[in-house]
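Structural characterization, general
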Amino acid sequence: MSDRRIHIVAAVIGDHAGRSLLVRKHGAQVFQQPGGKREPGDADDLATLARELREELGCELVAGSASLLCRCSAPAANEPGYVVEAVVYVVQVTGTITAQAEIAELHWIDPAAPDVPVAQLSRENILPLL
Ligand SMILES: Nc1nc2c([nH]c(=O)n2[C@H]2C[C@H](O)[C@@H](COP(=O)(O)OP(=O)(O)OP(=O)(O)O)O2)c(=O)[nH]1
């Protein structure tokens, strides 16, 4: 039987106005936290996160800035039948945040009142903590 769990590392990136950054991937309907699946070459969770932030946002994770927010799970937004299990860090980034090729859209939301559709993991488990 296949393992229907997806393990990801996800980032909470905030701005000075208290907003939080979400991304929408090409082909996806909903917005989610920046981040993604661990790859074999990643030394640890923060290496995964640094790589994903570079790939998705073109920015760099500030060394030592990551603070564990929570571990949580929900039905995976883009893979029907799978559950996503996330380790979520609040992070600081440096450089200009720009949507890279795999990202269709970036959006800054008020965590208390998102104005775009948000994936269940973020909506139920992450945004309420911000
Ligand atoms: N990154 C991320 N993925 C999420 C979140 N919530 C959620 O359900 N997912 C789902 C979407 C996908 O079904 C799965 C992993 O997505 P992903 O597309 O970001 O992972 P990845 O960059 O490593 O992807 P891949 O293209 O290599 O498959 O987890 C979230 O907040 N952030």
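Look a little higher up for the structure.
These figures come from a predicted structure and were not determined experimentally.

**Describing the overall build of the protein**
- A tally of helices and strands in the protein yields two helices and eight strands.
- For the protein, the N- to C-terminal ordering of α and β elements is β-β-β-α-β-β-β-β-β-α.
- The C-alpha atoms of the protein give a radius of gyration of 14 Å, which matches the 14 Å a tight globule of 130 residues would have.
- Counting only C-alpha atoms, the protein reaches 45 × 35 × 30 Å along its principal axes.
- Residues classed as buried in the protein amount to 39% of the 130 residues present.
- Pairs at least 24 apart in sequence give 66% of the contacts found in the protein among residues at least 6 apart.
- Split by element, the accessible area of the protein, about 6,900 Å² in all, is 51% carbon and sulfur.
- Computed over 11 positive and 17 negative side-chain charges, the separation of the two mean positions in the protein equals 4 Å.

**A closer look at the site of the ligand**
- The immediate surroundings of the ligand are formed by 17 residues, with Lys25, Gln33, Lys37, Ala77 and Glu79 found nearest.
- The contact in question runs from a nitrogen atom of the ligand to an N or O atom on the side chain of Gln32, over 3.4 Å.
- With respect to the ligand, the side chain of Glu52 contributes an N or O atom lying 3.4 Å from an oxygen atom.
- For the shell around the ligand, the elements supplying multiple residues, two or more each, are strand 3 (35-37) and helix 2 (120-126).
- Here the shell around the ligand takes three residues from strand 3, the largest share from any one element.
- Broken down by class, the residue content of the shell around the ligand amounts to six nonpolar, six polar and five charged.

**Focus on the packing of aromatic side chains**
- Scanning the entire structure with this criterion turns up zero aromatic pairs.
- Lying across the ring of Tyr82, Arg4 places its NZ or CZ 4.8 Å from the centre.

**Looking at the environment of Val12**
- In this fold, Val12 is placed in strand 1 (residues 5-12).
- Val12 sits 70 residues away from Tyr82 along the chain, and the two C-alpha atoms are 22 Å apart.
- In contact with Val12, not counting residues within four places along its chain, are Ser20, Gln33, Leu69, Val88, Tyr89, Val90, Val91, Ile126 and Leu130.

About the cut-offs
- Residues numbered from 1 in each chain as written.
- Predicted model: local features only at pLDDT ≥ 70, side-chain atom pairs only at ≥ 80, totals over all residues.
- Heavy atoms only, no water.
- Helix = DSSP H or I, 4+ residues; strand = E, 2+ residues; numbered from the N terminus.
- Rg over C-alpha atoms; globule rule 2.2 N^0.38 Å.
- Buried < 20%, exposed > 50% of the residue type's maximum accessible area, 1.4 Å probe, protein only.
- Contact = heavy atoms within 4.5 Å.
- Areas by Shrake-Rupley, 256 points an atom, 1.4 Å probe, with all protein chains shown as cover.
- Lys, Arg positive; Asp, Glu negative; His and termini not counted.
- Charge placed at Lys NZ, Arg CZ, Asp CG, Glu CD.
- Near = heavy atom within 4 Å.
- Polar contact = N/O pair within 3.5 Å; in protein donor to acceptor, adjacent residues only side chain to side chain.
- Nonpolar A, V, L, I, M, F, W, Y, C, P; charged D, E, K, R; others polar.
- Phe/Tyr/Trp six-rings, centres within 6.5 Å; stacked < 30°, edge-to-face > 60°.
- Lys NZ or Arg CZ within 6 Å of the ring centre and 35° of its normal.

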